[in-house]
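Below are the chains, spelled out letter by letter.
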Amino acid sequence: MYLIKGTEVAEKVLEECKRDIAELAAQGRRPGLAVVLIGDDPASRAYVRSKDRKCRELGLHSVKLELPATTTQAELLDEIAKLNSDPVIHGILVQSPPPKHIDEAAIVRAIDPRKDVDGFHPVNVAKLALEDPTGFVPCTPLGCQRLLLEAGVETSGANVVVLGRSMIVGKPMALLLMAKGRGGDATVTVAHSRTKNLVEVTRRADIIIAAIGRPHFLKADMVREGVVVIDVGINRVDDPANDKGYKLVGDVAFDEVAPKCRAITPVPGGVGPMTIAMLMANTVKACRMIKGKAS
Ligand code: NDP
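Read on for a plain summary of the structure. (Residues numbered from 1 in each chain as written. Predicted model: local features only at pLDDT ≥ 70, side-chain atom pairs only at ≥ 80, totals over all residues. Heavy atoms only, no water.)

## Side note on the site of the ligand
This is how it is decided: Consider each residue's heavy atoms; a residue with any of them within 4 Å of a molecule or strand counts as near. Think of a polar contact as two N or O atoms within 3.5 Å of one another; within protein, one of them needs to be a possible hydrogen donor and the other a possible acceptor, and neighboring residues in sequence only count if both atoms come from side chains. The method behind every accessible area is Shrake-Rupley, applied with a 1.4 Å probe, and residues are considered shielded solely by the protein chains displayed. All amino acids are sorted into three groups, where Ala, Val, Leu, Ile, Met, Phe, Trp, Tyr, Cys and Pro are nonpolar, Asp, Glu, Lys and Arg are charged, and the leftover types, Gly among them, are polar.
Taken together, 19 residues form the shell around the ligand, and within it Arg-165, Ser-166, Ser-193, Ile-234 and Thr-275 come nearest. The separation between an oxygen atom of the ligand and a polar side-chain atom of Ser-193 is 2.5 Å. Within the side chain of Arg-214, a nitrogen or oxygen atom sits 3.4 Å from a nitrogen atom of the ligand. Protein contacts shield 71% of the accessible area of the ligand, which totals 930 Å² for the unbound molecule. Among the residues making up the shell around the ligand, the classes are represented as seven nonpolar, 10 polar and two charged.

## A word on the pairing of strand β8 (residues 227–231)
For the record, the criterion: Working definition: with a 1.4 Å probe on protein chains only, accessible area under 20% of the residue-type maximum means buried, over 50% means exposed, and in between means partly exposed. In this description a helix means any DSSP run of H or I spanning at least four residues, a strand means any run of E spanning at least two, and both kinds are numbered starting from the N terminus. Strand pairing is assigned whenever DSSP detects at least two bridges linking the two strands.
Of all five residues making up β8, five are buried, and the element is well covered by its neighbours. Of the two faces of β8, both are covered, the one formed by Val-227, Val-229 and Asp-231 as well as the one formed by Val-228 and Ile-230. Note: strand β7 (residues 207–210) against β8, four bridges, orientation parallel. The residue bridging Ile-208 from the neighbouring strand is Val-229, located in β8. Direction of pairing for β8 relative to strand β11 (residues 261–264): parallel, over a ladder of three bridges. In the strand pairing of β11, Val-227 is matched with Cys-261.

## Observations regarding the sheet that holds β8
Two pairing modes exist for strands in a sheet, parallel and antiparallel, and in both the strands are linked by backbone hydrogen bonds. Our working definition: Two residues form a contact once any of their heavy atoms are found within 4.5 Å. Note on definitions: angles span 0 to 180 degrees between N-to-C directions of axes, and those axes are lines fitted to C-alpha atoms, for helices only across the stretch in contact.
Taken together, the six strands give an open sheet; going across it, the order is β1-β11-β8-β7-β5-β6, and neighbouring strands pair in parallel fashion. The sheet is open, and its two edges are formed by β1 (2–3) and β6 (187–191), each paired on a single side. In this sheet, β11 lies alongside β1 in parallel orientation, the contact comprising two bridges. Bridge pairing in β11 links Tyr-2 to Ala-263. Strands β7 and β8 of the sheet are contacted by helix α6 (residues 139–150), whose axis makes an angle of about 145° with β8.

## A look at the nonpolar core
Here is the rule we go by: Nonpolar cores were defined as sets of buried Ala, Val, Leu, Ile, Met, Phe, Trp, Tyr and Cys residues, with membership established by side-chain atoms within 4.5 Å.
Core analysis: the largest hydrophobic core is formed by 52 residues, its most contacted members being Leu-148, Val-160, Leu-177, Ile-207, Ile-209, Ile-230 and Met-280. Among residues more than four places away in sequence, those in contact with Met-280 are Leu-14, Cys-17, Leu-33, Lys-51, Lys-54, Cys-55, Leu-58 and Leu-60. Of all hydrophobic cores here, the second largest spans 18 residues; its members include Val-161, Leu-198, Met-222 and Val-229.

## Digging into the sheet that holds strand β3 (residues 61–67)
Read across the open sheet, the three strands follow the order β3-β2-β4; overall the sheet is parallel. Each edge of the sheet is formed by a strand with only one pairing partner; in this case those strands are β3 and β4 (91–94). Geometrically, the sheet is characterised by an average inter-axis angle of 15° between neighbouring strands, direction not taken into account. With seven bridges connecting them, strand β2 (residues 32–38) and β3 associate as parallel partners. The partner of Ala-34 across the bridge, within β3, is Val-63.

## Details of the side chain of Thr-140
Note on placement: Thr-140 falls in helix α6. For Thr-140, the side chain forms a polar contact with the side chain of Thr-275, separated by 3.0 Å. What Thr-140 contacts, discounting residues up to four positions off in sequence, is Val-169, Val-232, Val-271 and Thr-275.

What follows is the structure in structure tokens.
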């Protein structure tokens, strides 16, 4: 069994980013990312902090906009409009989930698609479906595809089962894997909560991408020998032995599934670090594509 180390692959992606950033710096340009946080959800705050830290480590221009939970939809749209027209900002990300009174879909649509480094804007969703490389692909599935490529896993002609059909992971993952070319050309099945005989579906898979948000859901009897498993899940489960009182586990029962696998990602240290690395890569791409001088 080969352990696909996301932390190492993420480092490689970040090294590539550094090279690109140096090249842009030589042209007097510097990629800039704005992360907008509304409210004070501790998990969201932690995500925003780590994105900001990573930007600074790489020498990206980073703006952390922390707005109170009472921010209205109109006020938020106003902030987005300012960032859309700010020439030193190339990527805009609104940390999810926003407070309940905010219409998240409307906020995503308000972001200039050329700055939508999360890849959630309808224009970018369409570009992914159309296989248009000028679009932005959501960071998590993009990171999963890169992990498969780096691990030398052939997707062409492979039976891939994507567990989960969210707009953030499952659906874009399926589109990426079925696209023509390297890292694609797969025969993709997307399974979800209404899928019948799920075990039969997953047992046929050469590659499984698990993204359902259920701790240890994928068990050994659900996979065949020699399968490749990418575990996207990040689930908190109680763990009295841990100082925090909880630990993070994936959607895969790692201990029992791993021995049957050709390759598998761990949680943590698998897909997680890739998501942030691909966000940096998307921000660099946005800077390259937007003409004009940055800070
Ligand atoms: P969502 O809750 O948006 O989607 C979950 C999907 O799983 C849905 O399509 C749902 O089906 C399906 N599902 C739920 N239960 C079952 C079941 N019993 N059998 C089959 N399918 C089921 O989750 P996300 O896509 O946002 O996230 C999935 C997981 O990935 C979470 O653990 C999340 O924390 C993690 N994640 C990790 C990231 C990372 O960086 N590593 C980034 C983003 C997410 P239906 O549509 O029918 O409801």
